[in-house]
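Summary of the model geometry
Below, each chain spelled out in residue letters.
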Amino acid sequence: MTPTLQLKILDPRLNQSIALPTYATDGSAAMDLRAVFTGDSLTLNPNETALIGTGIAIYLENPNYAAYILPRSGLGHKGLILGNSIGLIDSDYQGELKISCWNRAQTPHTITLGERIAQLIITPIIRPTLEIVEEFNHSQRGSGGFGHTGQH
């Protein structure tokens, strides 16, 4: 049985002139999110940010799941990335999904209405209880930090 995700359409253009989030291929791990704003396009100058709506809200409901908003790799290569690296959507959030876009390129980047600008992935979450210990069980690495495993 395929799981379902509660989705609320907040902008009447969705599922009309702007497509709903979709998986691009059968093998896609994340569904594409589209830019929804007033006007036909939005231009971000170099080093400029904008918070762009998606016109949708989701409700995961189950605290054993979370959603992540991730950048699209092709846009990231061109310089359009997420201003917060990754957006975390908690299971109890019910507001509009918004995308923090940052143009880190040296040239302006124009986003068109309905353009796929990010992706949404749903993942399981483990919420362990904390166990206070005096010492950890021994591991091969121990407390070795950055680059430690490459120094053999």
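What comes next is a walk through the structure. (Residues numbered from 1 in each chain as written. Predicted model: local features only at pLDDT ≥ 70, side-chain atom pairs only at ≥ 80, totals over all residues. Heavy atoms only, no water.)

**Topic: the overall build of the protein chain**
For the protein chain, the helix and strand inventory stands at one helix and ten strands. Starting at the N terminus, the α and β elements of the protein chain follow one another as β-β-β-β-β-α-β-β-β-β-β. Taken against the 2.2 N^0.38 rule, which gives 15 Å for 152 residues, the C-alpha radius of gyration of the protein chain at 19 Å runs more than 25% over that of a compact globule. Projecting the C-alpha coordinates of the protein chain onto the three principal axes gives extents of approximately 60 × 45 × 30 Å. Taken across its 152 residues, the protein chain has 31% of its residues classed as buried. Pairs at least 24 residues apart make up 71% of the contacts formed inside the protein chain by residues separated by at least 6 positions. About 10,500 Å² of surface is accessible on the protein chain, with carbon and sulfur atoms providing 51% of the total. (Helix = DSSP H or I, 4+ residues; strand = E, 2+ residues; numbered from the N terminus. Rg over C-alpha atoms; globule rule 2.2 N^0.38 Å. Buried < 20%, exposed > 50% of the residue type's maximum accessible area, 1.4 Å probe, protein only. Contact = heavy atoms within 4.5 Å. Areas by Shrake-Rupley, 256 points an atom, 1.4 Å probe, with all protein chains shown as cover.)

**Brief notes about the sheet that holds strand 8 (residues 96-103)**
Reading across from one edge, 1-4-8-6 is the order of the four strands in this open sheet, with antiparallel pairing throughout. Two strands in the sheet have a free side with no partner beyond their single neighbour: strand 1 (6-9) and strand 6 (80-82). Shown here is a sheet whose adjacent strand axes are inclined to one another by a mean of 45 degrees, direction ignored. (Pairing = 2+ DSSP bridges. Axes fitted to C-alpha atoms, helices over the stretch in contact; angles between N-to-C directions.)

**What about the sheet that holds strand 10 (residues 116-124)?**
Read from one edge of the open sheet, four strands run 2-10-5-7, paired in antiparallel fashion. The open sheet is flanked by strand 2 (31-34) and strand 7 (87-89), the only strands paired with a single partner. For this sheet, the mean inter-axis angle between neighbouring strands, taken without regard to orientation, is 30 degrees. Taken together, the three bridges between strand 5 (residues 65-71) and strand 7 define a ladder with antiparallel strand orientation. Of the residues in strand 7, the one forming a bridge with isoleucine 69 is glycine 87.

**Regarding unusual backbone geometry**
Here the phi dihedral of asparagine 47 falls at roughly 65 degrees; this positive angle occurs in a residue that is not glycine. Among the structural elements, asparagine 47 can be located in the loop between strand 3 (41-44) and strand 4 (49-59). Residue asparagine 47 is classed as exposed on the basis of its relative accessible area, which comes to 58%. Here the phi dihedral of glutamate 61 falls at roughly 70 degrees; this positive angle occurs in a residue that is not glycine. Topologically, glutamate 61 is positioned in the loop between strand 4 and strand 5.

**Notes on the side chain of histidine 109**
Relative to the helices and strands, histidine 109 is located in strand 9 (residues 109-112). Look past the residues within four positions of histidine 109 in its chain and what remains in contact with it is Leu42, Thr43, Leu44, Leu75, Leu80, Asn103 and Glu115.

By themselves, these figures tell us nothing about what the structure is for.
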